Amino acid sequence: MFPIMIMCVMPWVMNMEVKNVVVDVVDLDRGTQSQRLVHAIEHSNYFIFHGQKPTYAEALKDIEHADADVVVVIPQDFGKNLVQGQQPQVLIAANAVNGTKGSMGAAYLSQIVMAEANPGASAIESKISTLFLYNKNLNFKLFMIPALFAIVMMLMTGFLPALNIVGEKETGTIEQINVTPVSKWAFILAKLIPYWLIAMFVITVCLLLAWGIYGITSAGPLWLVYLLAMLLAMFFSSFGLIISNYSDTMQQAVFVMWFFVVVMLLLSGLFTPTRSMPSWAYLTTYVNPMSYFVEAVRTVFVRGGDFQSIAHQVLALLGIGLFMGGWAVQSYKKNS
């Protein structure tokens, strides 16, 4: 049920596109041109027109009470200045408590104001054709669905192994395993392989849901998506067993796993571009397998990349996964 809920709900809510920006308008000109600008704002799909206010002070009260996000003040002689070929100064005041919503709302409004205040520039822009190389319909779901693969894989193949061996420690069954002639390699592989199979099943469910619900399919070879999922599952299952080996209780294992999972998730570039990070924080992406997976799976799923285009990420995931797998074997003390 977990991957089904993630794929059915999250693509609709994990959307960075800014809409439903509430706008107050203060029209001090009350002319034909200013009313055209008001109607352009009112009929935009990005804004909720909250009405016209007589003064800027009253409109600002709406922002202070969170009833509005942006205030547009149209100055006196707005239409007169346009007729005379001058550029009138239109005030746009945005609530920047939510920085993304404030900046994007102000940017959208600026485009509308420029289109109404400078029809010549608008005519030039209408002659410009834009070619989108990838994600041509600007569908945010296409961008987020590969990232959701990473979240599902991380939680399904990370937390469950972390509770595995420590659970046997709490119940006492680990002592029975310790006295058997089974080698450490065979024991750890027996613990890891079921989670690798779970990973293949989960990624298949996610791909089927993406195709069946959203009509989104991978632009690149599917076997590369499975390869990346397998490598990420190898890392997280090994990492979970390492934490399980060093933990004495299930509560301790959960808290330690949660600590590393949140850090890797937020520093992976899944939600925000890694290039926007400070240089010292960007260095963490070189040892973060989530960063390699997110970059590679988006390259394959969205851009249609081949193996050569993600060879660097595959080698990095393979190296990190083998290292963690070896650590999982060495950290298991069979005779303890």
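My aim in this report is to walk through the structure given alongside it, one point at a time. Computed from a predicted structure; not experimentally measured.

### Some thoughts on the nonpolar core
Next up, step 1: Core analysis: the largest hydrophobic core is formed by 73 residues, its most contacted members being Phe 149, Ile 188, Leu 228, Leu 270 and Met 290.
Next up, step 2: For this core, the secondary structure elements donating two or more residues are helix H1 (2-13), helix H7 (140-162), helix H8 (164-171), helix H10 (184-214), helix H11 (222-246), helix H12 (250-266), helix H14 (289-301) and helix H15 (311-331).
Next up, step 3: Take this core: its biggest share by element is 15 residues, from H7.
Next up, step 4: When residues no more than four places from it in sequence are discounted, the contact partners of Leu 270 are Met 144, Ala 147, Ala 150, Ile 151, Leu 265, Met 290, Val 294 and Arg 298.
Next up, step 5: Ile 41, Val 70, Val 90 and Ile 112 belong to the second largest nonpolar core, which has 19 residues in total.

### Points about the pattern of salt bridges
When charged atoms on two side chains of opposite charge get close, those side chains can pair.
Next up, step 1: Under the definition given, this model contains 2 salt bridges.
Next up, step 2: Asp 62 serves as the salt-bridge partner of Lys 53, at 3.5 Å between the closest nitrogen and oxygen.
Next up, step 3: Look at Asp 62 and you get buried, because its relative accessible area is 11%.
Next up, step 4: As a salt-bridge pair, Glu 168 and Lys 191 come within 2.4 Å of each other at their nearest N and O atoms. Taken together, the positions of Glu 168 in helix H8 and Lys 191 in helix H10 put the pair 23 residues apart, joining distant regions of the chain. An identical accessibility class is assigned to Glu 168 and Lys 191; each is buried.

### A few points about unusual backbone geometry
Next up, step 1: With phi around 60 degrees, Arg 30 is a residue other than glycine that occupies positive phi space.
Next up, step 2: With respect to the element layout, Arg 30 can be found in the loop between strand E1 (21-27) and helix H2 (32-42).
Next up, step 3: A relative accessible area of 54% places Arg 30 in the exposed class.
Next up, step 4: Although it is not a glycine, Asp 77 sits at a positive phi angle of roughly 60 degrees.
Next up, step 5: With respect to the helices and strands, the residue Asp 77 is situated in the loop between strand E3 (70-74) and helix H4 (78-83).

### Quick look at the packing of H7 against H10
Next up, step 1: Following both chains from N to C, one finds H7 and H10 inclined at 155 degrees, their axes separated by 10 Å at the closest point. With respect to each other, H7 and H10 are oriented roughly antiparallel. Between H7 and H10 lies a crossing of right-handed hand. Across from Lys 141, Ile 145, Phe 149, Val 152, Met 153, Met 156, Thr 157, Leu 160 and Pro 161 in H7, the residues of H10 making contact are Tyr 195, Ile 198, Ala 199, Val 202, Ile 203, Cys 206, Leu 207, Ala 210 and Tyr 214.
Next up, step 2: Of the residues assigned to the contact of H7 with H10, the class counts are 16 nonpolar, 1 polar and 1 charged.

### Describing the layout of surface pockets
Next up, step 1: Put simply, the largest pocket is a space of about 500 Å³.
Next up, step 2: Considering the residues around the largest pocket, the lining is formed by 22 residues, among which Ser 268, Gly 269, Thr 274, Ser 291 and Glu 295 are closest to the centre.
Next up, step 3: In terms of residue count, H14 provides more of the lining of the largest pocket than any other element does, 6 residues in total.
Next up, step 4: Partitioning the lining of the largest pocket into residue classes produces 9 nonpolar, 9 polar and 4 charged.

### Quick notes on the environment of Pro 194
Next up, step 1: Following the sequence through the fold, Pro 194 ends up in helix H10.
Next up, step 2: Along the sequence, Pro 194 and Ala 115 sit 79 residues apart, while their C-alpha atoms lie 59 Å from each other.

### A look at the packing of aromatic side chains
Next up, step 1: What the rule picks out here adds up to 12 aromatic pairs.
Next up, step 2: Where Trp 223 meets Phe 307, the ring centres are 6.4 Å apart and the plane angle is 15 degrees; that geometry is what we call stacked. Taken together, the residues Trp 223 in helix H11 and Phe 307 in the loop between H14 and H15 connect sequence positions 84 residues apart.
Next up, step 3: Each residue in the set Phe 235, Phe 236, Phe 239, Phe 259 and Phe 260 is aromatic and connected to the rest through ring pairs, giving one cluster.
Next up, step 4: The side chain of Arg 298 reaches across the aromatic face of Phe 143, ending 3.7 Å from its centre.

### Concerning H1
Next up, step 1: Taking 1.5 Å of rise per residue, the 12 residues of H1 would be expected to cover 16 Å, and the 16 Å separating its terminal C-alpha atoms lies within 8% of that figure.
Next up, step 2: Taken residue by residue, H1 has Pro 3, Ile 6, Met 7 and Pro 11 as its buried positions. The buried side chains of H1 occupy one side of the element, clustering within an arc of 90 degrees when seen end-on. The exposed residues of H1 that point more than 90 degrees off its buried face are Trp 12 and Val 13.

### Remarks on H2
Next up, step 1: Those residues of H2 lying buried are Ser 34, Leu 37, Val 38 and Ile 41. Looking straight down H2, one finds that the buried residues subtend no more than 100 degrees of arc, so they occupy a single side.
Next up, step 2: Tucked inside the fold, the buried residues of H2 contact E1, strand E2 (47-52), E3, H4 and helix H5 (99-117).

### Considering the environment of Tyr 46
Next up, step 1: Position of Tyr 46 among the secondary structure elements: in the loop between H2 and E2.
Next up, step 2: Placed 28 residues apart in sequence, Tyr 46 and Val 18 show a C-alpha to C-alpha distance of 7.3 Å.
Next up, step 3: Setting aside residues no more than four positions away along its own chain, Tyr 46 makes contact with Glu 17, Val 18, Lys 19, Asn 20, Val 21 and Tyr 108.

About the criteria used
Residues numbered from 1 in each chain as written. Predicted model: local features only at pLDDT ≥ 70, side-chain atom pairs only at ≥ 80, totals over all residues. Heavy atoms only, no water. Core = buried A, V, L, I, M, F, W, Y, C linked by side-chain atoms within 4.5 Å. Buried < 20%, exposed > 50% of the residue type's maximum accessible area, 1.4 Å probe, protein only. Helix = DSSP H or I, 4+ residues; strand = E, 2+ residues; numbered from the N terminus. Contact = heavy atoms within 4.5 Å. Salt bridge = Lys/Arg side-chain N within 4 Å of Asp/Glu carboxyl O. Axes fitted to C-alpha atoms, helices over the stretch in contact; angles between N-to-C directions. Parallel < 35°, antiparallel > 145°, perpendicular 65-115°, else oblique. Left-handed = near helix turned anticlockwise from the far one by under 90°. Nonpolar A, V, L, I, M, F, W, Y, C, P; charged D, E, K, R; others polar. 1 Å grid on protein atoms, 1.4 Å probe; cavity = no way out; pocket = protein on both sides within 12 Å on 5 of 7 lines; lining within 4 Å. Points joined across faces, edges and corners; volume = space filled by probe spheres on them. Phe/Tyr/Trp six-rings, centres within 6.5 Å; stacked < 30°, edge-to-face > 60°. Lys NZ or Arg CZ within 6 Å of the ring centre and 35° of its normal. Expected span 1.5 Å × (residues − 1). Arc of directions from axis to C-beta.

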